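Residues per chain are reported as follows:
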Amino acid sequence: DAKTTQPPSMDCAEGRAANLPCNHSTISGNEYVYWYRQIHSQGPQYIIHGLKNNETNEMASLIITEDRKSSTLILPHATLRDTAVYYCIVRGNSGNTPLVFGKGTRLSVIA
Amino acid sequence: GAVVSQHPSRVICKSGTSVKIECRSLDFQATTMFWYRQFPKKSLMLMATSNEGSKATYEQGVEKDKFLINHASLTLSTLTVTSAHPEDSSFYICSARPGGGDTEAFFGQGTRLTVV
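Computed from a predicted structure; not experimentally measured.

Undergrad: What exactly am I supposed to notice about the overall build of chain B here?
TA: When helices and strands are counted, chain B shows 0 helices and 11 strands. Traced from its N-terminal end to its C-terminal end, chain B shows the element sequence β-β-β-β-β-β-β-β-β-β-β. Here the C-alpha atoms of chain B give a radius of gyration of 13 Å, agreeing with the 13 Å that 2.2 N^0.38 yields for 116 residues. The dimensions of chain B, computed from C-alpha atoms along their principal axes, are 40 × 25 × 25 Å. A buried classification covers 50% of the 116 residues belonging to chain B. Within chain B, contacts between residues separated by at least 24 positions form 53% of all contacts whose residues are at least 6 apart in sequence. Surface exposure of chain B reaches about 5600 Å², of which carbon and sulfur atoms provide 51%. A distance of 8 Å separates the average location of the 12 positive side-chain charges in chain B from that of its 10 negative side-chain charges.

Set out below in structure tokens:
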């Protein structure tokens, strides 16, 4: 699976949009981009995933560049409860390939 | 979304004893489950892939005789830390995916193991 690069930390004011970038320049054609987050001392929580089209759900939006070499997770109105480590993971869709976690971005939402 | 449950959420054990951690998929069947370990301020590290009815596949550097994995049914995988030592103290997390393809994976709430 392709590797991802994320900034180690970001701050965001409460109520503002949080834009978390991810670079995955070696992504291959059948690999999806997944985003998970982990709040302290809990298991990771699924947020969203996509292949090449932009995606939106009740939690977030995922914007994938046309060349698919990078993506941005957008939390439209960040709250204090969104403070967590956010992981961008690239994974193929064949069989039962595990998710391999990088270091992620520690997002701090500030009141 | 689908639910994956781990038990216990916290356990303290003495050095030299063994500890079993259970991972259950509550509303779906999982032929494959994954076990991760996480040390403080570090990312999740994949330990092994648990396969129903067959042997687990361990990642490089993970001792299969120390971390025994049993996946006896389509809804239950267990991880047993044998002869635990203080350096085995960690946060253990399991994961399972309801289907194949690009279906998202779901994670248990994790088990905090402290070996004293």
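Undergrad: Help me out: how do you make sense of the environment of Lys64 of chain B in this one?
TA: Relative to the elements of secondary structure, Lys64 of chain B occurs in the loop between β6 (57-58) and β7 (67-73). On a C-alpha basis, the gap between Lys64 of chain B and Val81 of chain B in space is 9.9 Å, while along the polypeptide they are 17 residues apart.

Undergrad: I would appreciate a short explanation of the state of the cysteines in the present structure.
TA: In a disulfide, the sulfur atoms of two cysteines are covalently bonded to one another. Here the structure, examined in full by the defined rule, presents 2 disulfides over all chains. Paired by a disulfide, Cys22 of chain A and Cys88 of chain A hold their sulfur atoms 2.1 Å apart. The S-S bond linking Cys22 of chain A to Cys88 of chain A shows a torsion near -80°; that makes this disulfide left-handed. Of this pair, Cys22 of chain A sits in strand β2 (residues 18-23) while Cys88 of chain A is found in strand β8 (residues 84-92), placing the two residues 66 residues apart along the sequence. Neither Cys22 of chain A nor Cys88 of chain A differs from the other in exposure class; each is buried. With a sulfur-sulfur separation of 2.0 Å, Cys23 of chain B is cross-linked through a disulfide to Cys94 of chain B. As the torsion about the S-S bond is roughly 80°, the Cys23 of chain B-Cys94 of chain B disulfide counts as right-handed. On the criterion of sequence distance, the pair formed by Cys23 of chain B in strand β3 (residues 19-25) and Cys94 of chain B in strand β9 (residues 90-96) is long-range, its members being 71 residues apart. According to the relative accessible area criterion, Cys23 of chain B is buried, its value standing at 0%. In this structure Cys12 of chain A is not part of a disulfide, and its nearest cysteine sulfur, from Cys22 of chain A, lies 18 Å away. Judged by its relative accessible area of 8%, Cys12 of chain A falls in the buried class.

Undergrad: How should the pattern of salt bridges be read in this particular structure?
TA: Considering all chains together, one arrives at 4 salt bridges over all chains under this definition. Across the pair Arg37 of chain A and Asp82 of chain A runs a salt bridge whose closest N-O atoms are separated by 2.8 Å. On the criterion of sequence distance, the pair formed by Arg37 of chain A in strand β3 (residues 31-38) and Asp82 of chain A in the loop between β7 (70-75) and β8 is long-range, its members being 45 residues apart. Judged by relative accessible area, Asp82 of chain A falls into the buried class, the value being 13%. A salt bridge links Glu22 of chain B to Arg24 of chain B, with the nearest nitrogen and oxygen atoms 3.4 Å apart. The exposure class of Arg24 of chain B is partly exposed, given its relative accessible area of 35%.

Quick notes on the rules
In every chain, residue numbers begin from 1 and rise along the written sequence. Each chain gets a letter, beginning with A, and each ligand a number, beginning with 1, in the order they are written. Two thresholds apply to this predicted model, a pLDDT of at least 70 for residue-level local features and 80 or more for giving and counting side-chain atom pairs, whereas whole-chain, interface and lining totals are computed over all residues. Only hydrogens and water are removed before side-chain values are computed, so all heavy atoms of the structure are retained for them. Each helix is a run of H or I in the DSSP string that is no shorter than four residues. Each strand is a run of E no shorter than two, and both are numbered from the N terminus. Only C-alpha atoms enter the radius of gyration; for comparison, a globular chain is expected to reach 2.2 Å times N to the power 0.38, where N is the number of residues. The classification of residues rests on relative accessible area computed with a 1.4 Å probe and restricted to protein chains. Under 20% of the type maximum is buried, over 50% is exposed, and intermediate values are partly exposed. What makes two residues a contact is simply this: any of their non-hydrogen atoms within 4.5 Å. Note that accessible areas follow from Shrake-Rupley with a 1.4 Å probe, and for residues the cover is restricted to the protein chains shown. Charge counting follows a simple rule: Lys and Arg are positive, Asp and Glu are negative, and His as well as the terminal groups are ignored. Positions of charges follow a simple convention, taking NZ of Lys, CZ of Arg, CG of Asp or CD of Glu. The disulfide criterion used throughout: a pair of cysteine sulfur atoms within 2.5 Å. Every case where a carboxyl oxygen of Asp or Glu lies within 4 Å of a side-chain nitrogen of Lys or Arg is listed as a salt bridge.

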